[in-house]
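Given next are the chains, with one letter for each unit.
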Amino acid sequence: MFAKEKWSLKAVKWWGGWSEGEGTGTIMRYLLDEFNRYEMGFSDMLSPTRQDSRHAVFMGETDTPGMSTVNEQVLVKSLEALRATLAKEIDHRFLIQNREFDHHLDKVATSLRTAIEGLAAIVVRQSQKQHQQLSRTQHQVEIQDQEPAVASFQHPKAVSQRQEPCHLPEQESVIPQHPAQPPPAPPVAVLAQRHAYSGANAVASAALFFGEDTTESIDPLEIFENPINHATAASSVLAHSSKRSGFKPSEKSAESLVEALDDFVVQVSTFPGLSLKDSTEKTLMLKNHTSVKEFESTIEHLIGGDHSGKIAFKLAELLPMDLEYEEATRLKNWILNLVVLDKPKGSDIVKIQLARVPLSIAFDKEPKTYSGSNPTPTPKVYIPEQRASIVLANFEINTQFLIMNAKQMVNIMEIVDVERTIALLTSPPRNGPEPEDLLSLWGSQQKVFSF
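Residues numbered from 1 in each chain as written. Predicted model: local features only at pLDDT ≥ 70, side-chain atom pairs only at ≥ 80, totals over all residues. Heavy atoms only, no water.

Q: How do you make sense of the overall build of the protein chain when you look at a structure like this?
A: Counting its regular elements, the protein chain contains 15 helices and 9 strands. Within the protein chain, the fraction of its 451 residues that count as buried is 35%. Nonlocal contacts in the protein chain, meaning residues at least 24 apart in sequence, comprise 72% of its contacts between residues at least 6 apart. For the protein chain, the exposed area adds up to about 28,200 Å²; of that, 56% sits on carbon and sulfur atoms. (Helix = DSSP H or I, 4+ residues; strand = E, 2+ residues; numbered from the N terminus. Buried < 20%, exposed > 50% of the residue type's maximum accessible area, 1.4 Å probe, protein only. Contact = heavy atoms within 4.5 Å. Areas by Shrake-Rupley, 256 points an atom, 1.4 Å probe, with all protein chains shown as cover.)

Q: What exactly am I supposed to notice about the nonpolar core here?
A: By size, the foremost hydrophobic cluster in this structure holds 38 residues, and its most contacted members are Phe224, Phe247, Phe264, Leu274, Ile352 and Leu354. In terms of residue count, helix H8 (residues 258-269) provides more of this core than any other element does, 6 residues in total. Leave out the neighbours within four places in its chain, and phenylalanine 264 touches Leu238, Ser241, Ser242, Ser245, Phe247, Val339, Leu354 and Leu425. (Core = buried A, V, L, I, M, F, W, Y, C linked by side-chain atoms within 4.5 Å.)

Q: Could you clarify how one ought to interpret the pattern of salt bridges in this entry?
A: For side chains of opposite charge, pairing can occur when their charged atoms come near one another. Per the counting criterion, the structure on display carries 7 salt bridges. One salt bridge in this structure joins glutamate 89 and arginine 93, with 3.2 Å as the shortest N-O distance. Residue glutamate 89 and its partner arginine 93 are located together in helix H3 (residues 72-146), separated by 4 residues, close to a single helical turn. For glutamate 89, a relative accessible area of 39% gives the class partly exposed. Given the relative accessible area of 55%, arginine 93 is considered exposed. Lysine 314 is the salt-bridge partner of glutamate 317, the closest N and O atoms lying 3.1 Å from each other. Residue glutamate 317 and its partner lysine 314 are both found in helix H10 (residues 308-317); the two are separated by 3 residues, about one turn of the helix. Each of Glu255, Glu326 and Arg330 takes part in a single network of salt bridges with overlapping partners. (Salt bridge = Lys/Arg side-chain N within 4 Å of Asp/Glu carboxyl O.)

Q: Looking at this structure, I do not really get unusual backbone geometry. What am I missing?
A: One can expect most non-glycine residues to show negative phi and most peptide bonds to be in trans. Even without a glycine there, the phi angle at histidine 289 is positive, about 60°. Of note, histidine 289 is situated in the loop between strand S2 (274-286) and helix H9 (292-303).

Q: What is the right way to look at the pairing of strand S7 (residues 386-397) in this model?
A: Along a regular strand, successive side chains alternate from one face of the sheet to the other. Most of S7 is tucked away, with 10 of its 12 residues classed as buried. In the sheet, S2 pairs with S7 via 12 bridges, with the strands oriented antiparallel. By the bridge assignment, methionine 285 is partnered in S7 with arginine 387. Here strand S4 (residues 351-360) pairs with S7 via 6 bridges, running antiparallel. Counted as the bridge partner of arginine 356 is valine 391 from S7. (Pairing = 2+ DSSP bridges.)

Q: Would you take a moment to explain the sheet that holds strand S3 (residues 333-343) for this structure?
A: Strand-to-strand pairing in sheets goes through backbone hydrogen bonds, with the strands running parallel or antiparallel. With respect to topology, 5 strands assemble into an open sheet ordered S1-S3-S4-S7-S2, the strand pairing being mixed. Looking along the sheet, the strands with just one partner apiece sit at the ends: strand S1 (202-211) and S2. Across the sheet, the mean angle from the axis of one strand to that of its neighbour is 15°, orientation sign disregarded. Pairing between S1 and S3: 10 bridges, direction parallel. Looking at S3, one finds that serine 205 is bridged to asparagine 337. Relative to the sheet, helix H7 (residues 230-245) contacts S2, S3, S4 and S7, its axis offset from that of S3 by approximately 155°. Of the strands in this sheet, S2, S3, S4 and S7 are in contact with H9, which crosses S2 at around 135°. (Axes fitted to C-alpha atoms, helices over the stretch in contact; angles between N-to-C directions.)

Q: Could you clarify how one ought to interpret the confidence of the model for the protein chain in this entry?
A: Caution applies to low-pLDDT parts of the model: their predicted coordinates are not meant to be read in detail. Per-residue confidence for the protein chain gives a mean pLDDT of 76; residues scoring 70 or more make up 70%. Throughout residues 64-68 the model reports pLDDT below 50, and contacts reaching past four residues in sequence, or to other chains, amount to 7 contacts. Per-residue pLDDT stays below 50 along residues 432-451; that stretch engages in 32 contacts with residues further than four places along the chain or on separate chains. (pLDDT = per-residue confidence, 0-100.)

Q: How should a nonpolar patch on the surface be read in this particular structure?
A: On the surface, a cluster of nonpolar side chains totalling about 380 Å² of accessible area is made up of Ile27, Met28, Leu31 and Leu32. Topologically, leucine 32 is positioned in helix H2 (residues 25-40). Assessed through its relative accessible area of 52%, leucine 32 is described here as exposed. (Patch = residues over 30% accessible without salt bridge, like charges linked within 9 Å, V, L, I, M, F, W, Y side chains within 5 Å.)

Q: Just to check I follow, could you spell out the packing of H9 against H10 for this structure?
A: Two packed helices can be described by the angle between their axes and the distance between those axes. The interhelical angle for the contact between H9 and H10, taken along N-to-C directions, is 140°, at an axis separation of 8 Å. Taken together, H9 and H10 sit at an angle that is classed as oblique. In this structure, H9 crosses over H10, and the sense of that crossing is right-handed. Judged by residue contacts, Val292, Phe295, Glu296, Ile299, Glu300 and Ile303 of H9 engage Ser308, Gly309, Ile311, Ala312, Phe313, Leu315 and Ala316 from H10. A class-by-class count of the residues in the contact of H9 with H10 yields 9 nonpolar, 2 polar and 2 charged. (Parallel < 35°, antiparallel > 145°, perpendicular 65-115°, else oblique. Left-handed = near helix turned anticlockwise from the far one by under 90°. Nonpolar A, V, L, I, M, F, W, Y, C, P; charged D, E, K, R; others polar.)

Q: What is the right way to read the packing of H7 against H8 from this model?
A: At their nearest, the axes of H7 and H8 sit 8 Å apart, and the two run at 135° to each other. In terms of orientation, H7 and H8 fall into the oblique class. The element H7 and its partner H8 pack so that their crossing is right-handed. In this structure, H7 contributes Leu238, Ser241, Ser242, Arg244 and Ser245 to the contact, and H8 contributes Ala260, Asp263, Phe264, Gln267 and Val268. Looking at the contact of H7 with H8 residue by residue, the class counts come to 4 nonpolar, 4 polar and 2 charged.

Q: How do you make sense of the environment of serine 217 when you look at a structure like this?
A: Here serine 217 lies in the loop between S1 and helix H6 (220-225). The exposure class assigned to serine 217 is buried, which follows from its relative accessible area of 17%. Apart from residues no more than four positions distant in its own chain, serine 217 is found in contact with Glu222, Ile223 and Asn229.

Q: Sorry if this is basic, but what is going on with a negative patch on the surface here?
A: A contiguous patch of negative charge on the surface is contributed by Glu216, Asp219, Glu222 and Glu225. Tracing the sequence through the fold places glutamate 216 in the loop between S1 and H6. Taking relative accessible area as the criterion, glutamate 216 reaches 62% and is therefore assigned exposed. (Lys, Arg positive; Asp, Glu negative; His and termini not counted. Charge placed at Lys NZ, Arg CZ, Asp CG, Glu CD.)

See the structure below:
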């Protein structure tokens, strides 16, 4: 009745869906039914905005006098409780996730710790092994210094006592077929014995290469990573050892190489990428006035093997038979040093052999002439009667070590090809070209890659 636009009863009946038999009292029944359903309903009992006095007014109108306002404090309290509940639930979930994450981190840390401890144990064992090997080497050197008679090398004093030829009685000049040999020294002691040749005055050196150089790359990393290039890798190791020790026969005089030779042998024998296969010392019984040919034949017979003839020829070629009187009297004790690099055809194995022969020479101011149809004077410089020796140490390149440590190898050494290394380790011909001129002879063939 208070609406601005009032509908007719007929329109109300149509919109309300009344039947034809219903009268005007029907609308009152609808209103009373709705009022009763609202007054007697309790679906809002848990609502925080529920009004306790709403049943005293019609349809819960709030602007009716006597109606109480909504309790804002209750609403705020309920919202705070809801916020606290949600915050507690979020904290609980976050705590569970943190615990799970910490558990996974602990498992990962445990796995890493186990792996690191295993690697550390391996490193410690390797370090202890190297330390024990070094201790044995030092102990052997000390024994050889204190007890010269036990050393596998000939003592310097014995060398100095044989500077002049000695003439033995005829009945004592017979050499037994199986002379007594001293017990062999450990390989590392033979290689690292620094004082074995301290009586030497000069060194003559040479180098040889056998086999096939299959190097096909100039990339420094490929030189060490690819076994096909390991001939150049081995020559680079030798050149690196030569540089570190100062043993450069192509550039220095024979007198200045004695100490450097010891350092060179130590550098090569202790390089971790080389495996020592064997080391032997054999006795050379040389008669008075041993000829170069006889010396070569004796060496070839002693060492044996596929390349024994070429090795013996090269060592004989190093004999200082062209010295003048002043040099011969000053430089009586020599070391003939030979470095052999071998890469057999069809194989990736690379071998290195160090050979050296310490011996004495003498000078005859008045060489004698042999009688006969072709009188031949004896050479002024000759090999006197003596008990010399030849020391051989055989190494093999550790292929896996070079592959695994290729980057470190490139960082610490230059790449030097086989030809250049042979030139570096070879003494120039006596009375021949100067060292600089000798090196220049290799210029057209040199393949050096420095980085």
